[in-house]
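Spelled out from the first residue to the last, the chains are:
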Amino acid sequence: MSGPHTPDPHTPDPLSPEARRLCDAMAAGFPGPGDIHALRAASASGSGRAGPAMASVSDTDAGGVPVRIYDPAPGPADRPLVVYLHGGGWVMCGPDSHDATCRSLAVAAGAVVVSVDYRLAPEHPWPAAPDDALTVLLWARDRARALGCDPGRVVLAGDSNGGNLAAVTALRAPELVAGQVLFYPPLDAWMDSASVETYAEGYFHTAAHMAWYWDQYGGDPEHPHVSPLRAPDLSGLPPALIVLADCDVLRDEGLGYARRLAAAGVDCVLQLHPGVFHGFLGLPLPAGAAALRAAGAWVAGVGRAGRPDSNRRPPAVE
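Quantities reported herein were computed from a predicted structural model and do not represent experimental measurements. (Residues numbered from 1 in each chain as written. Predicted model: local features only at pLDDT ≥ 70, side-chain atom pairs only at ≥ 80, totals over all residues. Heavy atoms only, no water.)

A.B. asks: Account for the pattern of salt bridges, with residues named and values stated.
C.D. replies: Evaluated as defined, the whole model comprises 15 salt bridges. Aspartate 59 serves as the salt-bridge partner of arginine 68, at 2.8 Å between the closest nitrogen and oxygen. A salt bridge links aspartate 131 to arginine 172; its shortest N-O distance comes to 3.1 Å. Here aspartate 131, found in helix 4 (residues 128-143), pairs with arginine 172, found in helix 5 (residues 161-172); they are 41 residues apart in sequence, far enough to count as distant. On the basis of relative accessibility, which here comes to 29%, the residue aspartate 131 falls in the partly exposed class. (Salt bridge = Lys/Arg side-chain N within 4 Å of Asp/Glu carboxyl O. Helix = DSSP H or I, 4+ residues; strand = E, 2+ residues; numbered from the N terminus. Buried < 20%, exposed > 50% of the residue type's maximum accessible area, 1.4 Å probe, protein only.)

Listed below in structure tokens is the structure:
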């Protein structure tokens, strides 16, 4: 998304050496903002990782929205059900690009995962994507028992802009959601936090790209279903796990949302991964695998009443 990083000899690189090598290699081959066709082509091949085998993988229709269902293995009838919303700036990616992530999360959580192929901007601007997300949530609650899951243990999860969609859907229907897992989400369309400037360039996901994604997506930046961080009241929301990369323009938005959730009395677990950049969840970095294991443990601990079991907190990330 930006050219190779030029190191400042007077400032230590906040990325780990492994992450820096990967970041620069990815940035060198990724299109700049503005060419939607080039961006979609670059993202079409996915992460290149092969996820774990599933007992079944099937594509179906969820109230008019295409979804892919991952069932890791036969299990008890009260398993969690995860509605997963992929990242890609609202303009690219889909179930194929996030196949390995969904498979890994299904195994780690012992849960059925429903990956949502929501409508993309700019052809379908806000509120198309959040409306699709809500439609699938309602469908998932209705079909949970048929999928071998507990309808009271439906969890929303998403990475990057998918994390935004998960947060928005939790705001719209908190009574239907047992938990929300937000991986480095954009939460404020105004992009006025300090980390936007600190990590504007040189860390793959640039501020220029993020601003362009917001422009394609549309919607009122002040509306809480666009910018959840600006919602006037966060009380009564389901428990949250927020997973952030330290070297990311979106870091401070995630930190701010975690603080606001906690202040509103919402059970919120925050995990901040040092030395990595935006998108690390699907990359061959130790932090990515650790984050998925921790998220799986958190989802597995979401109880029937919708609160994580205090004995099954995510393990510490080294």
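A.B. asks: Provide a residue-level description of the side chain of serine 115, including the pertinent values.
C.D. replies: When you line up the elements, serine 115 lands in strand 4 (residues 112-116). Not counting the four nearest positions on each side in its chain, serine 115 is found in contact with Pro66, Val67, Arg68, Tyr70, Tyr84, Pro95 and Cys102. (Contact = heavy atoms within 4.5 Å.)

A.B. asks: Please give an account of the pairing of strand 5 (residues 149-159) that cites residues and values.
C.D. replies: The buried fraction of strand 5 is high, at ten of eleven residues. The pairing of strand 3 (residues 79-85) with strand 5 spans six bridges and is parallel. Considered in strand 5, the bridge of leucine 85 is made with glycine 158. In this structure, strand 5 lies alongside strand 6 (residues 179-183), joined through five bridges in parallel fashion. Within the sheet, the bridge partner assigned to alanine 157 lies in strand 6 and is valine 181. Tracing the backbone out of strand 5, into helix 5 and back to the parallel element strand 6 gives a crossover that is right-handed. (Pairing = 2+ DSSP bridges. Right-handed = clockwise from strand over helix to strand, strands pointing away.)

A.B. asks: I'd like to hear about the nonpolar core, residue by residue, with values.
C.D. replies: Residues Leu81, Val181, Tyr213, Tyr257 and Phe280 are the most contacted members of the largest nonpolar core, which totals 106 residues. Once residues within four sequence positions are removed from consideration, tyrosine 257 is found in contact with Ala167, Leu171, Leu182, Leu187, Pro228, Leu229, Leu234, Leu237 and Ile242. (Core = buried A, V, L, I, M, F, W, Y, C linked by side-chain atoms within 4.5 Å.)

A.B. asks: Break down the packing of aromatic side chains for me, citing the residues and quoting the values.
C.D. replies: Any aromatic ring pair is given by two values, namely how distant the centres are and how the planes are angled relative to each other. Summed over all chains, the structure comprises eight aromatic pairs. Each ring, one from phenylalanine 30 and one from phenylalanine 204, has its centre 5.4 Å from the other, and the planes form 75°; the classification is edge-to-face. Here the residue phenylalanine 30 occupies a position in the loop between helix 1 (17-28) and helix 2 (36-43), and phenylalanine 204 occupies one in the loop between helix 6 (194-198) and helix 7 (207-217), the gap between them amounting to 174 residues. Exposure remark for phenylalanine 30: the relative accessible area of 17% places this residue in the buried category. Through a chain of ring-to-ring contacts, the aromatic side chains of Phe30, Phe204 and Phe277 assemble into a single cluster. In this structure, arginine 20 is placed above the aromatic ring of tyrosine 203, and the distance from its NZ or CZ to the ring centre is 5.2 Å. (Phe/Tyr/Trp six-rings, centres within 6.5 Å; stacked < 30°, edge-to-face > 60°. Lys NZ or Arg CZ within 6 Å of the ring centre and 35° of its normal.)

A.B. asks: Can you explain helix 8 (residues 251-263)? Please cite residues and give values.
C.D. replies: A rise of 1.5 Å per residue sets the reference length of helix 8, with its 13 residues, at 18 Å; its end C-alpha atoms lie 19 Å apart and thus fit the reference within 8%. Turning to helix 8, its buried residues number three or more, namely Arg251, Asp252, Glu253, Gly254, Leu255, Gly256, Tyr257, Ala258 and Leu261. Here the buried face of helix 8 lies against helix 5, strand 6, helix 6, strand 7 (240-247) and strand 8 (268-277). Positive backbone phi, at 85°, marks glycine 265, one or two positions downstream of helix 8. (Expected span 1.5 Å × (residues − 1).)

A.B. asks: Would you mind going over the sheet that holds strand 4 in detail, with residue names and values included?
C.D. replies: Spatially, 1-2-4-3-5-6-7-8 is the arrangement adopted by the eight strands of the open sheet, whose pairing is mixed. Two strands lie at the open edges of the sheet, namely strand 1 (56-62) and strand 8, each paired on one side alone. Neighbouring strand axes in the sheet, compared pairwise and without regard to direction, differ in orientation by 20° on average. One ladder, built from seven bridges, connects strand 1 with strand 2 (residues 65-71); its direction is antiparallel. Pairing of alanine 62 across the sheet is with valine 65, part of strand 2. (Axes fitted to C-alpha atoms, helices over the stretch in contact; angles between N-to-C directions.)

A.B. asks: So what's going on with the pairing of strand 7? Residues and values would help.
C.D. replies: The element strand 7 is extensively covered by neighbouring structure, given that eight of its eight residues are classed as buried. Of the strand pairs in this sheet, strand 6 and strand 7 are connected by four bridges, and their pairing is parallel. In the strand pairing of strand 7, valine 181 is matched with leucine 241. In this structure, strand 7 lies alongside strand 8, joined through seven bridges in parallel fashion. Directly across from alanine 245, in strand 8, lies its bridge partner histidine 273. Regarding the hand of the β-α-β motif, the stretch spanning strand 7, helix 8 and strand 8 is right-handed.

Any link to function would need more than the numbers given here.
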